[in-house]
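# Summary of structural features
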Amino acid sequence: MTKGSVKNGQPQWRSLSSRTNPDQGSVREFPEGAENLELDGVSRRQFMAIMGASTALAGGLTGCMRKEVEYILPYSRRPEDQADGEARYFATNLHVGGVALGLLVKSQDGRPSKVEGNKEHPSSGGGTNVFAQATVLDLYDPDRSRHALKAGAASTLEEALAAVDAALVGHKDGGQGLAIVIDSKPSPTNRVLLASVAKRYAAAQIYTHDNADQANTREGMALVGVASSHPVYDLSVADVVVSLDADFMGTGVDAVRLTRQFAGRRKPEAAKAGDINRLYAIEPAFTVTGATADNRLQVAASQVGTFARLLASKLAASGVTLPAGAEALGGAAVQADETLTKWADAVAKDLAAKRGTSLIIVGERQPAWVHGLAHLMNVALDGLNKTFSIQPDVGMVQTQNSEKLADALNKGEIKTLILVGVNPVYDAPGALNFGQALAKAPLSIHLGYHPDETAKAASWHIPMSHALESWGDLLSWDGTLGIQQPLIAPLFESVSDLELIGRLAGKSGSGYDLVRDQWQSAIPGDFETAWRRSLHSGKFATPTGSVSPDWDWAPLSAQVAKLTTAPAPTKAALEAVFALDNKTYDGRFANNAWLQELPDPVTKLTWDNAAMVSPKTARELGLRFGSGDDTGKESSDIVKLTVDGREVTIAVLVTPGVADFTILVPMGYGRSFGGRVAAEKVGFNTHPLRSSMTTGFLAGATVAKSGDSYLLALTQDHNTMRGDSEAADRPILRHAEIEEFKKNPKVIAEHDLMKPEDLESLWDKSDGEFTGPPMKYMDNKDYPHQWGMVIDLTSCTGCNVCTIACQAENNIPVVGKERVLNGREMHWIRLDRYFVGDDENSPKLMTQPMGCAHCETAPCEQVCPVAATVHGPEGTNDMAYNRCVGTRYCSNNCPLKVRRFNFFNYNKEADTSNELLRMQRNNNVTVRFRGVMEKCTYCSQRVSAAHINAKVNGKGDGMIQEGAFTSACAQACPAEAITFGNVAAPDSRVSVLKKMDQNYAVLEWLNLRPRTTYLAKISNPNPELG
Amino acid sequence: MASAGMDNSNFDPLDERAPLVLGEQTFSAITEAVARPIESAAPKIWYIILGIGLLLLANLGISIGYLFWQGTGIWGLNIPVAWGWAIVNFVFWIGIGHAGTLISAVLYLLRQKWRTSINRAAEAMTLFAVVCALVFPTIHVGRVWLLYWFAPLPNQMAMWPNFRSPLLWDFFAVSTYGTVSLLFWYTGLVPDLATMRDRSKTALSKALYGFFSLGWRGSNRHWQHYERAYLLLASLSMPLVLSVHSIVSFDFATSQVPGWHTTIFPPYFVAGAIFSGFGMVLTLLIPCRVIYKLEHIITIRHLENMAKVVLLTGTLVGYAYAMEFFIAWYSGNTYEQFAFINRAFGNYWWAYWTMITCNVITPQLFWSKKLRTNTTVLFIASIFVNIGMWFERFVITITLSRDFLPSSWDTYSPTYWDISTFLGTFGLFFTLFALFLRFVPQVAIAEVKSVMPIADPHHHGDHHGGESAHEGAHAHG
C-alpha cells in the first residue's frame, strides 16, 4: 500500500446529509426513544405515551415510514485492485496489550473491520490474541478523543499543537525542566526520534511509564551481565518447560508466538505417539498458562523465588553443573516446606534429564533476581541458543522509570511535561500519588486515545490516532522488524505518537515521512523494493541478530546470598498479588465492550474485576462464597483491602486455584474517565494499592469486610465444585493422561454411553451391514464439500481469542452486565470451563470451546415450526434469520445450548449508542434483529466466498482447495487447536483428525452426529508428582 | 323421594336413585331459577368480580403492549431457560380447558346424567380458558407480527411450515379444540337462548337472543336435528379431549431435554388436565351456586362426583410422578436421573414439593365422604389443585435450567411483566366468565329438565328418557 492509496481508506457514506448527520440517514424501525424504554428509569408519562401508540406502531406505521432519498456515489476513478464489496487485506504491525504483533487487517470498502494474524510474521504465525482482535472496536470507539482539550474544555488540534510548539520555544536553553513520558512501544523510529529530541534538548528527561514494560525481565538480564536485552524462548524444541509465575501464553509479552510453539509440541499425532512436551506451572493463582500445565503447584508469589533457589540447588544435586561464579547457589540451604522440596526434586530431575531441551520461564511479576536465577539455570541446562536466545531491546535512548518521574515532579523539577500515549493518573501505582505530582508541573500536555483521567488533569490534551490510522514501525519481542501501516485516515482530528515526538524533534513531517526517512537511511541497497516488500509481507527480511552474552554471575550470587527466605503469607498478613487483567490489561481496554463482556478464562467473570481468594482462605476470613446455587449471579462481599496504609475496596470472588492466604487483585477496572463503558461503574480500581511499577506482589495485606455486597456477572455457574461432582459422570470434556492413553488408545471411546453400532438411524445404509455413522450428504456427488470441525482440547489453552474473533467476524452484539446476569450473553463460541478433581482449593482447570456442532440429526431443526433452521446441502445447520419467528424451541432442544436469542434489538441499540460501529460490521454477515435466534454458522460467508473464488480462480471443478480458507475462530487460534475443513475429502486435515483415537463427539448417545468433534485432552504429568 | 333436604349425597342407591335436582320439582321452577339472574339486577358481587376482571384485563393489555414494543426480553427468559411463564401459563390454561368438554362430551356419551347441571358453566370455562391459553403462544414469540407463518398459507416463498414440529401440531390441535368446543357449547345453548328470547321483555334482548337462537321453535324436527348434531359434536369432541393435551405434552416429550423426553407425558398430561379442569370447575361453581341460589340444581352430589374425579385423576398424576422417577432410575442414564433428582432436591425443590403437596396429597382428602361433601373444604382443595397444577407445569418447564452441559446451567426467575401478564389472563378469564353469567343461562335448562323425574312419565323409567323428555321439557317451559 503506498501513501497515495491511503486516501481510499476513508469511510463510505451514502449521501452528504448522512455524512454530516449520520442519524438522519438511518431508517428507524421504531420511533425515537423506543430503545430507552427497557431501562429502569422510564417516566410514567413517556411510558403511557408509548403504550398508547404501541398497537398501531408494532405493525402498522413502520410500513408507512417514508424513507429519505439516497444516492449511491460510485468512484469516478476506481482505485487499482478495488472491487466494491470485496475485502482486501493489508499487512501491518500493531502494539496491542504490550505485544508487538504482525497482523493482516481486513479492509472492506476502505473500512478496517477484522484483524487476522500474519502467517509470515514470527510474532504471530497466523494467530492473534484477544487484544488484537478487539482493537477494531477501539478504532470505532465513539468515546475516543475527538478534539483537543485545553484545561478540560474543548479546543482544536491546531491550538494544541501550537501550544506544544510554544512550550518547546521556552525550552530552547537545553531543555531544562522538559520531560517526556512514553510507553514501552518497541518502535525504532520512535526511539531514533527520541534520541534526537534528547540531543536537541540535552537536559530534557525521558521517562517510560507502561505496565506492559518488562522492567523486571530486563533487569534480570542486566543482573547477569547482559544489559539492554531480553530473553526470547523457543518452545518448539523444549521438552520440559517450567513456568515460575509466568503467564507466557496469556498476558505475557510474547504469548501468541509461544502459544503456537507450545501447542505445536502437543499435536494429536505427537499425543498418539506418546511424545508431547511437559509444562510445570508454579504460580499463585490460575492463569491461562497454569491451566494448560500438566503439573501445577499453587504457591504464594513470594514463594516462587524460594522455589527457584531450591530448584537451583536441586539441579546441582541432579548433576547439572552451575556455571563458574555461581556454584554457591547450588549448595545453598533453602528453607522450604515438604511440597516445595518434593516439587523441586522432581522438576530438577526432569529438567536435568532433558538437558538442552528444557527451559525455565519467569514471569514479569517476579523480582529481577528470580529472572537472573532462571537464566543461570537455563544456561546450566545448556539452553542458550537452543531453548532461549537473547535479543537486544529497541535501544537508542535511555529512559527512566515512573518512580523517578514522580520524584522529579514532586521536587518541582519539571516545568513542561509531555505525556505520549500514557495514562499515569489512572494506572500509576498509588504509592506514587501521580495525580498530585502531575499538578505540580506548570504545563502538562497529554497525547491520548481517550479523554481519560490524565487528559482531565493535564493542561492540554491532544487526540491520538489509532494504530490502524497511523504509520509506525515495531520491533517484535522475537526481533522481527515490521512496518505499521495505516488502513484508514484518522476518523477524527488527531496526531500519532510518532508525529508528536517528531514534532518535539523538530520534524514536522507526517508519520509516513518519518518512518520512511528512518528506514531509507537504515536499509542499504534498493530501498524502494525492500520497503514495498516489507509492506506486503509485514516484516523486513532480516531480523535483528541475537546477542552473545557475556555472563557475569557474581552480582546475582551476591544478591541471592543476602536473601532471607520470604515468609509465607498468613491469615493476618495476606499476600496481595497484582495481575494484568485478561481482558482490560491494565485498564487500557476498559472502554472496549467486547473485552468487557468477554468471560475471564478462569473465573468467567464479565464486566468487572474481583479480588480472588481460595475457598480455604475465604472460610478462614469469613467471606461469602456467594449464593451457591449455580446461578451465575454471584452476590459477593465487598472488602477493604489494605497494604501499607493504602486501601482499595473490591468485591471478592472465591476461586479455586489461588494459593492459601493470597489475594489476587486484577488491575484495569474502576476507571473514572475514559469512555462510557470504562467509567460506568465497571469494577474496582486496584492501582492505588500498588507500591511501584515493578512490584508484582505485596506482603502484609489485610482484609476487612465492608458489609456491602456486590453482584458479579459470571457466564458460568460459580459454585463449580458442586456442579462438577454432579457432572463428574458426564463425559463431556474427556481427558486422559498420556501413559493411560498409550496403554489403551481406546480409553477415550470407552466413555461412550452408547456404542457406535447401537446408534443406527434412518440415515444409515439399508444393506444390513453397519458401516459406521455415515455422513448424511456424504454420498451426494452434487455436494462434494461437507464441512466439519475438530477441536483439539490438548492444544487449547482457553485464551478466549476464538470468542472475540467470532464476535468481530459475525457482527455479534454486546449486551451489557445486566443481561449477562440474566443469562443472555450472545457469544457464538464460548469456552466452557470445568474444574476437575476432588480438592476444592487446587483442582485442575480444563476448557472446552463450545459452539454449534452442526449436528447431522440436528434436534433444533425438527422442532422449529416455521422451518427457520434447516440443514444445508453441505452438512451445515443453517439459520434463516428472516424466517425465524422466535419461538426459542430450537434453543430448548439444543443439547449444547449454543443458540443465542435476540431478546431485544441489541444491534439497533448498539448502532444508536455508537454511530461508528456500523463501520466495523462485516458486510457479508446479516445484522440480526430483535426476536430471532442466532448461532455459529461455520462462517458461512467465508464458505460462500471460498466457493466463488474456487469457481472463478479454481481448476474448473469448483473444488475448494484444502486450506484455502478457514473459520474465524480457527484462523485466530494461536494454538491451532481448531481445524475446519471438508470432511468429505478423506485426506483433508479435519478427516485425518476425526479418525484419531482421541476423537469423540459430545453426547454421542443422542446420535446427534455433530460435525464438530473434539480430540480429548491428553496431558503429560510427571508421575512422581501425581 | 327425599326432596325435603338439600343433601342428596347420602341417598341409598338400593332403595331409589338419588335425585339430581332438589327443591321444587317443576319445569318452570328450573327455568325461573336459571333465567332469573339474567333478567334481574346483578348482585353486587358480580360487579366486583367484573370490575376486578376488567382491571386485570387492562393490565393484560398494557403487559402485551409493552411486550410487543420491547421484545420478549422484558420477561425473565434466558438461555438455557428459553421458555418461562408464558409456556407454563399456556399449558396451565389449556389443562383447565379440559374439564368442560370432558363433562359435556365424554360424560354425555357415557350417559352420566349428573353432568347436566354443570356442563354449561364448565364448557364456558373451557372456552374462556382456551382463549386465555391462546394468548400465550401468540405473544411469546420473538416476532409476533410474523405469527401467521405457522399457518400453511400459500405464499410466494413456497414455504410450508415444518410439519415435524410439535409447536405446529399444537397450533392445529388447540385451534381445532377451540373451534369444536365453541360449536359444541353453542349448539347446546340454542334451545336455552330460545327460552331467553321468549322471556325477553326488551326489544334489544329479544333481537339478540332471537338472532343467536337461530329461529329455534322447539319443534320435533328441531329437537331431532339438535340431538343428532349434539351427539355428533360430542363424538367429535371426545377424542379431542384426549388428543389436545397429548399434543401439548409432545412439546416437551418429543424434545430431548432430560426430564422432558418421556413417553409417559401424554396420558399423564391428560390426567393432569382433567384434574386441573375439575379443580377449576369446583372453584367457579361452589361460589356461583350460592350467589345465584342454584344449590338445588348444582347439588352436593354434583360436587361430590367432581371431587371423586379429582381424587382419581390426582392419584393418577401422583402415579405418573412416581413412575417418572422409576423410569429415570431404570434408564441407567445419568442425565435423566440427575434431571429428576434435581427436580426434587435442586434449586427449585420448593416448586416440586408444592406441586406434590397440592396435586398428590390434597386430593387424598376426598377419600373421606365428610370432607368431599363439605363445600368449604372442596373450595379450598380446588384452589390447591389449581396452584399445584400450575406448579407442575412450572417444574417441567424449569427443567431446562439444568440440562446436558453443566456449563450452561442457569436459573430462571420471573420479572414483573411475567407476573403481570399471567394475572392479566385471569382478568380476561373472569371478565368473560362474568359476562357469561350475566347474559347466558349458566345451567343447561333444557338438559336439566330432561333428568328430572317429571320429565319421564314412566315410573323408574330413566333408561329411555331421551328425546321425549326434551320435548316435554320445552312444552312445559
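Residues numbered from 1 in each chain as written. Chains lettered and ligands numbered in written order. Predicted model: local features only at pLDDT ≥ 70, side-chain atom pairs only at ≥ 80, totals over all residues.

## A word on the overall build of chain A
Along its length, chain A carries 35 helices and 37 strands. Every one of the 1026 residues in chain A was classed for burial, and the buried ones make up 58%. (Helix = DSSP H or I, 4+ residues; strand = E, 2+ residues; numbered from the N terminus. Buried ≥ 20, exposed ≤ 12 C-beta atoms within 10 Å, placed from the backbone.)

## Let's talk about the overall build of chain B
Tallying secondary structure elements over chain B gives 17 helices and 0 strands in all. Relative to a compact globule of 477 residues, whose C-alpha radius of gyration would be 23 Å, chain B shows 23 Å and is just as compact. With respect to the three principal axes, the spread of C-alpha positions in chain B is 75 × 55 × 40 Å. Here chain B holds 477 residues, and the buried ones make up 51% of them. Partitioning the contacts of chain B with sequence separation of at least 6, the portion at a separation of at least 24 is 80%. (Rg over C-alpha atoms; globule rule 2.2 N^0.38 Å. Contact = placed C-beta atoms within 7 Å.)

## Some points on the interface of chain B and chain A
As a measure of interface size, the accessible area lost when the parts come together is often cited. With 48 residues of chain B at the interface, the matching set in chain A holds 55 residues. If you list the elements that add at least two residues to the side of chain B that touches chain A, you get α2 (44–70), α6 (166–199) and α11 (334–345) of chain B. Of the residues forming the side of chain B that touches chain A, the biggest block, 6 residues, is contributed by α2 of chain B. When its residues are assigned to classes, the side of chain B that touches chain A shows 28 nonpolar, 16 polar and 4 charged. (Nonpolar A, V, L, I, M, F, W, Y, C, P; charged D, E, K, R; others polar.)

## What about helix α3 (residues 85–96) of chain B?
All names here are of chain B. Over its 12 residues, α3 extends 16 Å from the first C-alpha to the last, a length consistent with the 16 Å expected when each residue adds 1.5 Å. Counting buried positions along α3 gives 12 out of 12 residues, so the element sits mostly inside the fold. For α3, the set of buried residues is W85, A86, I87, V88, N89, F90, V91, F92, W93, I94, G95 and I96. (Expected span 1.5 Å × (residues − 1).)

## Brief notes about the sheet that holds strand β3 (residues 111–117) of chain A
Residue and element names in this part refer to chain A. The sheet built from 3 strands is open, its strands ordered β1-β2-β3 with antiparallel pairing. The sheet terminates laterally at β1 (87–96) and β3, the two strands that pair on one side only. This sheet shows a mean twist of 35° between the axes of neighbouring strands, independent of strand direction. Strand direction decides the pairing type here: β1 and strand β2 (residues 99–108), joined by 10 bridges, are antiparallel. Directly across from R88, in β2, lies its bridge partner S107. (Pairing = 2+ DSSP bridges. Axes fitted to C-alpha atoms, helices over the stretch in contact; angles between N-to-C directions.)

## Some remarks on unusual backbone geometry
That bond from I79 of chain B to P80 of chain B is cis: its omega, 20°, falls within 30 degrees of zero. Note that P80 of chain B resides in the loop between α2 and α3. One non-glycine residue, D109 of chain A, lies in positive phi territory at about 50°. Relative to the assigned elements, D109 of chain A resides in the loop between β2 and β3.

## Digging into the pairing of strand β18 (residues 481–484) of chain A
Residue and element names in this part refer to chain A. Going residue by residue along β18, you find L481 and I483 tucked away on one face and G482 and Q484 tucked away on the opposite face as well. Where strand β17 (residues 472–475) meets β18, 4 bridges bridge the pair, whose relative direction is antiparallel. Bridge pairing in β18 links L475 to L481. What sits between β17 and β18 in their antiparallel hairpin is a turn of 5 residues, with G479 showing a positive phi close to 95°.

## Description of helix α12 (residues 349–361) of chain B
Among the residues of α12 of chain B, Y352, M355, C358 and N359 of chain B are the ones counted as buried. Around the axis of α12 of chain B, the buried residues are gathered within 145° of arc, so they sit on the same side. (Arc of directions from axis to C-beta.)

## Points about the sheet that holds strand β27 (residues 787–792) of chain A
Residues and elements named next belong to chain A. The strand order β34-β27-β36-β35 describes an open sheet built from 4 strands, whose pairing is mixed. Taken across any chain shown, the strands that pair with only one partner, and hence form the sheet edges, are β34 (978–982) and β35 (999–1000). As judged from the 2 bridges shared by β35 and strand β36 (residues 1012–1015), these two strands associate in the antiparallel manner. The residue of β36 that forms the bridge with Y1000 is Y1014.

## Remarks on the domain arrangement of chain A
Residues and elements named next belong to chain A. Each assigned domain of chain A is listed here: domain 1 (4–64), domain 2 (149–213 + 396–537), domain 3 (229–392), domain 4 (576–666 + 700–724) and domain 5 (787–937 + 997–1020). Taken together, the contact pairs 17 residues of domain 3 with 15 residues of domain 5. Listing elements by their share of the side of domain 3 that touches domain 5, those giving two or more residues are α8 (255–264), α9 (268–273) and α10 (288–292). Partitioned by chemical class, the residues of the side of domain 3 that touches domain 5 number 8 nonpolar, 4 polar and 5 charged. (Domains from an automatic or database assignment.)

## Details of the nonpolar core
Formed by 376 residues in total, the largest nonpolar core has its most connected members in L244, L376, A576, A611 and L641 of chain A together with M125 and V281 of chain B. In terms of residue count, helix α9 (residues 265–291) of chain B provides more of this core than any other element does, 14 residues in total. For L376 of chain A, the contacting residues outside a window of four places in its chain are V224, A312, L322, P323, A326, L329, W553 and L556 of chain A. One finds L419, L438, L447 and L500 of chain A within the second-largest nonpolar core, a separate group that totals 57 residues. (Core = buried A, V, L, I, M, F, W, Y, C linked by C-beta atoms within 7 Å.)

## Some details on the packing of helix α8 (residues 220–253) of chain B against α9 of chain B
Residue and element names in this part refer to chain B. Contact pair α8 / α9: the axes reach a minimum separation of 8 Å and the direction vectors enclose 125°. Comparing their axes, α9 and α8 come out oblique. When you trace α8 past α9, the crossing you get is right-handed. Here α8 contributes L242, H245, S246, V248, S249, F252 and A253 to the contact with α9, which in turn contributes F265, P266, F269, V270 and A273. Class assignment of the residues belonging to the contact of α8 with α9 gives a composition of 9 nonpolar, 3 polar and no charged. (Parallel < 35°, antiparallel > 145°, perpendicular 65-115°, else oblique. Left-handed = near helix turned anticlockwise from the far one by under 90°.)

## Brief notes about the confidence of the model for chain B
All names here are of chain B. Summing up the model confidence of chain B, the mean pLDDT is 86 and the portion of residues at 70 or higher is 90%. Looking over chain B, one finds the lowest element-wise mean pLDDT in helix α17 (residues 466–476), namely 43, and the highest in α2, namely 94. Note on residues 464–477: pLDDT is under 50 here. Beyond four places in sequence and across chains, it has 28 contacts. In the predicted complex, the global pTM is 0.87; the interface-specific ipTM is 0.89. (pLDDT = per-residue confidence, 0-100.)

## Thoughts on the confidence of the model for chain A
Close inspection of predicted coordinates is inappropriate in any region flagged by low pLDDT. All names here are of chain A. Across chain A, pLDDT averages 84, with 88% of residues at or above 70. Of the regions scoring below 50 in pLDDT, residues 1–31 engages in 47 contacts with residues more than four places distant in sequence or in other chains. Per-residue pLDDT stays below 50 along residues 768–776; that stretch engages in 18 contacts with residues further than four places along the chain or on separate chains.

## Things to note about the pairing of strand β12 (residues 358–362) of chain A
Each regular strand shows side chains that alternate between the opposite faces of the sheet. Residues and elements named next belong to chain A. Most of β12 sits out of view: 5 of its 5 residues are buried. Of the two faces of β12, the one lined by S358, I360 and V362 and the one lined by L359 and I361 are each fully buried. Summarising the sheet, strand β9 (residues 240–244) and β12 pair through 5 bridges and their orientation is parallel. The partner of L244 across the bridge, within β12, is V362.

## Thoughts on the environment of L147 of chain B
Relative to the assigned elements, L147 of chain B resides in the loop between α5 (119–139) and α6. Put simply, L147 of chain B and P137 of chain B are 10 residues apart on the chain and 9.5 Å apart in space, counted from C-alpha to C-alpha. Other than its neighbours up to four places away in sequence, L147 of chain B contacts V885 of chain A together with T138 and V141 of chain B.

## Remarks on the packing of helix α4 (residues 130–139) of chain A against helix α28 (residues 801–809) of chain A
Helices that pack against each other are described as a pair by the angle of their axes relative to one another and the distance between those axes. Residues and elements named next belong to chain A. One way to put it is that α4 packs onto α28 with a least axis distance of 9 Å and a crossing angle of 20°. With respect to α28, the element α4 is oriented roughly parallel. Considering only the axes of α4 and α28, their crossing is left-handed. Within the contact between the two elements, α4 uses V130, Q133, A134 and V136 and α28 uses V801, I804, A805 and A808.

## Topic: the environment of G274 of chain A
Mapped onto the elements, G274 of chain A comes out in the loop between α9 and β10 (278–283). Considered as a pair, G274 of chain A and I738 of chain A are 464 residues apart in the sequence and their alpha carbons are 6.3 Å apart.

## A closer look at the environment of T642 of chain A
Position of T642 of chain A relative to the elements: it lies in strand β22 (residues 633–643). Those residues within four positions of T642 of chain A in sequence are excluded, and the remaining contacts are E647, A701 and T702 of chain A.

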